Amino acid sequence: QVQLVESGGGLVQPGGSLRLSCAASGMTFSVYDMGWYRQAPGKQRELVARITSGRSTNYADSVKGRFTISRDNGNYTVYLQMNSLKPEDTAVYYCNAKWFSIQNYWGQGTQVTVSS
């Protein structure tokens, strides 16, 4: 079965950096569009960044210029490099894998807390 396992979350001071990783298994990773979403307390889950199977990327306006999504098809892993972190980036970050509208999978989430 498909599994997505996130790692790399934690507590960081404002202005700091973190790199999230999402290791996938049980799927043909290269054909999936991969994304990172986040959900803060009391808010809806929102798209942070997405990278297609063809490596096109798009970002939420709030993270443009600070976050970078990338993928390693050989290691079945997608990354989210987060720089210049702000308190408003605090949320649970979820990995997503999507193949057209037919298959859609989620990881369990990893907590990111930005606080001094």
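Above this note sits the structure.
Treat the numbers as computed from the prediction; the structure is a model and nothing was measured.

A. How the structure looks around the overall build of the chain. Each helix and strand counted, the chain has 0 helices and 11 strands in total. For the chain, the sequential pattern of α-helices and β-strands runs β-β-β-β-β-β-β-β-β-β-β. For 116 residues, the compact-globule estimate of 2.2 N^0.38 gives 13 Å, and the C-alpha radius of gyration of the chain, at 13 Å, lies within 12% of that figure. With the principal axes as the frame, the chain shows a C-alpha extent of 40 × 25 × 25 Å. When the 116 residues of the chain are sorted by exposure, 39% land in the buried category.

B. Here's a closer look at the nonpolar core. In terms of nonpolar packing, the biggest core is built from 29 residues, with Met 34, Trp 36, Val 78, Leu 80, Met 82 and Tyr 93 touching the most fellow members. Elements with a contribution of two residues or more to this core: strand S3 (18-25), strand S4 (33-39), strand S5 (46-51), strand S7 (67-72), strand S8 (77-82), strand S9 (91-99) and strand S11 (110-114). Residues within four places of Val 78 in sequence aside, it is in contact with Leu 20, Ser 21, Cys 22, Phe 29, Met 34, Trp 36, Ile 51, Ile 69, Ser 70, Arg 71 and Cys 95.

C. Seen up close, the state of the cysteines. Per the stated rule, a full pass over the model turns up 1 disulfide. Residue pairing for Cys 22: its cysteine sulfur links by disulfide to Cys 95, the two sulfurs lying 2.1 Å apart. Judged by the sign of its S-S torsion, about -80 degrees, the bond between Cys 22 and Cys 95 is left-handed. Of this pair, Cys 22 sits in strand S3 while Cys 95 sits in strand S9, and the two are 73 residues apart along the sequence.

What counts as what
Residues numbered from 1 in each chain as written. Predicted model: local features only at pLDDT ≥ 70, side-chain atom pairs only at ≥ 80, totals over all residues. Heavy atoms only, no water. Helix = DSSP H or I, 4+ residues; strand = E, 2+ residues; numbered from the N terminus. Rg over C-alpha atoms; globule rule 2.2 N^0.38 Å. Buried < 20%, exposed > 50% of the residue type's maximum accessible area, 1.4 Å probe, protein only. Core = buried A, V, L, I, M, F, W, Y, C linked by side-chain atoms within 4.5 Å. Contact = heavy atoms within 4.5 Å. Disulfide = S-S within 2.5 Å.

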